[in-house]
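Coordinate inspection notes
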Amino acid sequence: LAALAEPYRIKVAEQIRLLSRPEREEVLAAAHYSGIHIDAADVFIDLMTDSGTGAMSSEQWAALMRGDESYFGSRSYQRFETVSREITGYPHIVPTHQGRAAEKIITELLVRPGDVVLSNTHFDTTRGHILHRQGVPVDCIGDWLWDFGDEREFKGNFDLKKLELALARHHSRVPFILITVLNNMACSSPVSMQNIREVKSLADRYGVKVMFDACRLAENAYFIQQGEPEFSGVSIQDIVLEMFSYGDGCWMSAKKDAIVNIGGFCAFRDESLAMRAKELLVLYEGYPTYGGLAGRDLEAMAVGLREGLDQEYLAHRIRQAAYLGRLITEADVSVSRPVGGSGVFVDVRSIYPHLSAEQLPTVAFAADMFLEGGVRVGGALFPMKTVDIGSGNIVDRSFEFSRLAIPRRTYTQGHLEYVADIVARVKSKASENMGYRVTYMPETMGHFFVRFAPV
Ligand code: F0G
């Protein structure tokens, strides 16, 4: 890889500080060994999430000043609506304050108790909303997801055999097929246009709607452009339009590829569905020309949606992840390959082969990354349901990984090299880590409140 010159320069600097080793030890113990409970001010490099943590551009900050804060019919809404229509190709736009607010509305409209939602992979809040509606979220991604070393190019694809088996058995209970482009829960691996077309044709055969979770739409389109010969030289915008042409609508957490700190929306082809979404919106979020956001937030989204599709920006972003992935691999740590869009996904078993699943190697890695270098990383063991190809049954499985999510336009090559050095140091001392145990875990949304202690 050639030098990674950032296609932007730094206009505003935000100080970060590396605590001393004894201070880091104290902070980690006080946080019950969970990165979630560490104060951001005590973190040197924060790779917990790429959501809402990107740097807005000077154009976005300038747009904030144009924000029209009128309750009804604000000009900022009109600008946002125009851009999101042009980018998605869907005529009806419903703004929400973030992705899960859109999920709440869509699942309330479409999911009934006992319904089965088929996706390549659901994000955890999406899964949560479907379960909350007493539906069954099923992840039809191929079993290749569980093999970090499986180098197929579009690892986020549906396994069409699984999808077909599930449709044959459950189609009358399937309110929609959900294509997530692309998902942190699946190592940020992309979905190919070929796969999207095949999913659409199966959906048509069974008369089922197709929806997109669009939060990383631009990253996915970039992989299609680079990886599918038919799309070489086609613009990111045109690829996005073709992806969504196979759907009935989408929702988006704009905190990802629209590079804003807060925001989201749903978009629909069908006007009557959009009208019902707007009715719920008034109950939960606000009037349809602001949807739980300030006018200035809508302005920032309108600008960020376009900036997120920029070819040079995307090429740099995807290469940043690939670069970090390569450095970590060179430290003899296994990561999901090929490296996907928004971060690097580490197979913690390759660092702590001596720890069993009960000794929580993901927690061990996050603790060691903070102790060794003030780096905060995420990850967990996520429960999911998938289809067993042999029997066609829906079965429980889990997927464990540690995630080094890269915020957009925030960290430089120097930061990434530092992180890779810390991973290498953690790896060299890993045998000293005896694992962790859970000391507190409430029943609802437990992974946000959990506490640990060293074994
Ligand atoms: N869908 C996907 C694929 C996501 O990654 C997220 C959020 C959401 C929906 C929900 O959007 O946070 O705006 O309500 N992912 C973040 C993450 C939190 O860390 O990956 P939200």
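Thresholds applied
Residues numbered from 1 in each chain as written. Predicted model: local features only at pLDDT ≥ 70, side-chain atom pairs only at ≥ 80, totals over all residues. UniProt positions renumbered as here; feature names shortened; annotations may be inferred. Helix = DSSP H or I, 4+ residues; strand = E, 2+ residues; numbered from the N terminus. Buried ≥ 20, exposed ≤ 12 C-beta atoms within 10 Å, placed from the backbone. Contact = placed C-beta atoms within 7 Å. Near = placed C-beta within 6 Å. Nonpolar A, V, L, I, M, F, W, Y, C, P; charged D, E, K, R; others polar. Domains from an automatic or database assignment.

For the protein, an unreviewed UniProt entry supplies the name Tryptophanase and the organism Streptosporangium fragile. The record held by UniProt for the protein lists under Cofactor (unreviewed entry) the comment "pyridoxal 5'-phosphate". Note on the protein: under the UniProt heading Sequence similarities (unreviewed entry), the record states "Belongs to the beta-eliminating lyase family."

Let's talk about unusual backbone geometry
In this chain, Val181 is followed by Leu182 through a cis amide linkage whose omega measures -20 degrees. Within the secondary structure, Leu182 is located in the loop between strand 5 (176–180) and helix 7 (193–206). The residue after Arg337, namely Pro338, is reached through a cis peptide bond having omega -5 degrees. Along the chain, the position of Pro338 falls in the loop between helix 12 (311–330) and strand 9 (343–346). Even without glycine at this site, Asp332 takes up a positive phi of about 65 degrees. Summarising the element assignment, Asp332 is placed in the loop between helix 12 and strand 9. Positive phi values are uncommon outside glycine, yet Leu360 reaches one of about 55 degrees. Since 24 C-beta atoms lie within 10 Å of it, Leu360 is described here as buried.

Some points on the environment of His97
Among the structural elements, His97 can be located in the loop between strand 2 (92–96) and helix 4 (99–110). In sequence terms His97 and Val240 are 143 residues apart; their C-alpha atoms lie 23 Å from each other. With residues up to four places along the chain from it excluded, the contact list for His97 reads Ile262, Gly264, Glu285, Gly291, Gly292 and Leu293.

Topic: the site of the ligand
Taken together, 16 residues sit near the ligand, with Gln98, Gly99, Arg100, Phe123 and Ser253 positioned nearest. For the shell around the ligand, the per-class residue count stands at 2 nonpolar, 11 polar and 3 charged.

Describing the UniProt feature "domain: Aromatic amino acid beta-eliminating lyase/threonine aldolase" (unreviewed entry) in the protein
The feature "domain: Aromatic amino acid beta-eliminating lyase/threonine aldolase" (unreviewed entry), as given by UniProt, occupies residues 46–421 in the numbering adopted here. Counting secondary structure, residues 46–421 comes out at 42% helix and 17% strand; the distance between its end C-alpha atoms is 15 Å.

Some points on the domain arrangement of the protein
Domain annotation of the protein identifies domain 1 (21–50 + 310–389 + 397–454) and domain 2 (58–307). On a C-alpha basis, the centroid separation for the pair domain 1 and domain 2 is 26 Å. Of all elements in the fold, only helix 12, strand 9, strand 10 (375–387) and strand 11 (394–405) reach the threshold of two or more residues within the side of domain 1 that touches domain 2. Taken together, the residues of the side of domain 1 that touches domain 2 break down into 13 nonpolar, 8 polar and 8 charged.

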